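Analysis of the macromolecular model
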Amino acid sequence: MKLKQDYLAVINNTFRWVVSRFKPLAVHTELVVDDDCWEEIKKRCDGKQARGWYLMTPTNYTYYKNSFNVKLSKEEISKIMKERYL
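Residues numbered from 1 in each chain as written. Predicted model: local features only at pLDDT ≥ 70, side-chain atom pairs only at ≥ 80, totals over all residues. Heavy atoms only, no water.

Regarding the confidence of the model for the chain
Per-residue pLDDT for the chain has a mean of 78; in total, 80% of the residues score no lower than 70. Here strand 1 (residues 25–29) stands out as the least confident element of the chain, with mean pLDDT 67; helix 4 (residues 74–85) is the most confident, with 86. (pLDDT = per-residue confidence, 0-100. Helix = DSSP H or I, 4+ residues; strand = E, 2+ residues; numbered from the N terminus.)

Right under this line is the structure:
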């Protein structure tokens, strides 16, 4: 019985590995204001490489600015995000 379980586990793991290599991606990003990141998002979406994009909007401007070393003002970031989210 143990051998059968090991055999099924190998088949199951192989199947999961193959599926994970060919399934569409679901991507999460917070740095939508970065132009390089935005171009990559558009390229991947146009190429149907991603199944869905989940864009997070930061609520803490100071944390966001310091974490990503963003030099834009709060108003500029807000304008870019609004344009790109729409």
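Some remarks on the layout of surface pockets
Reported here for the largest pocket is a volume of approximately 150 Å³. If you list the elements that add at least two residues to the lining of the largest pocket, you get helix 3 (61–68) and helix 4. For the lining of the largest pocket, the element with the most residues is helix 4, which contributes six residues. Of the residues that constitute the lining of the largest pocket, the class distribution is six nonpolar, three polar and two charged. (1 Å grid on protein atoms, 1.4 Å probe; cavity = no way out; pocket = protein on both sides within 12 Å on 5 of 7 lines; lining within 4 Å. Points joined across faces, edges and corners; volume = space filled by probe spheres on them. Nonpolar A, V, L, I, M, F, W, Y, C, P; charged D, E, K, R; others polar.)

Comments concerning the nonpolar core
The biggest cluster of nonpolar side chains holds nine residues, and these are Val32, Val33, Cys37, Trp38, Ile41, Tyr64, Val70, Ile77 and Met81. For this core, the secondary structure elements donating two or more residues are helix 2 (35–46) and helix 4. Per-element accounting of this core gives the leading share, three residues, to helix 2. Excluding residues that lie within four positions of it along the chain, Tyr64 makes contacts with Glu30, Leu31, Val32, Val33, Pro58, Asn69, Val70, Ile77 and Met81. (Core = buried A, V, L, I, M, F, W, Y, C linked by side-chain atoms within 4.5 Å. Buried < 20%, exposed > 50% of the residue type's maximum accessible area, 1.4 Å probe, protein only. Contact = heavy atoms within 4.5 Å.)

Thoughts on a nonpolar patch on the surface
On the surface, Tyr7, Leu8 and Ile11 cluster together into a nonpolar patch covering about 320 Å² of accessible area. For Tyr7, the position within the fold is in helix 1 (residues 2–22). (Patch = residues over 30% accessible without salt bridge, like charges linked within 9 Å, V, L, I, M, F, W, Y side chains within 5 Å. Areas by Shrake-Rupley, 256 points an atom, 1.4 Å probe, with all protein chains shown as cover. Salt bridge = Lys/Arg side-chain N within 4 Å of Asp/Glu carboxyl O.)

Side note on unusual backbone geometry
In this structure, Asn69 is a non-glycine residue whose phi angle is positive, near 55 degrees. By the element assignment, Asn69 lies in the loop between helix 3 and helix 4.

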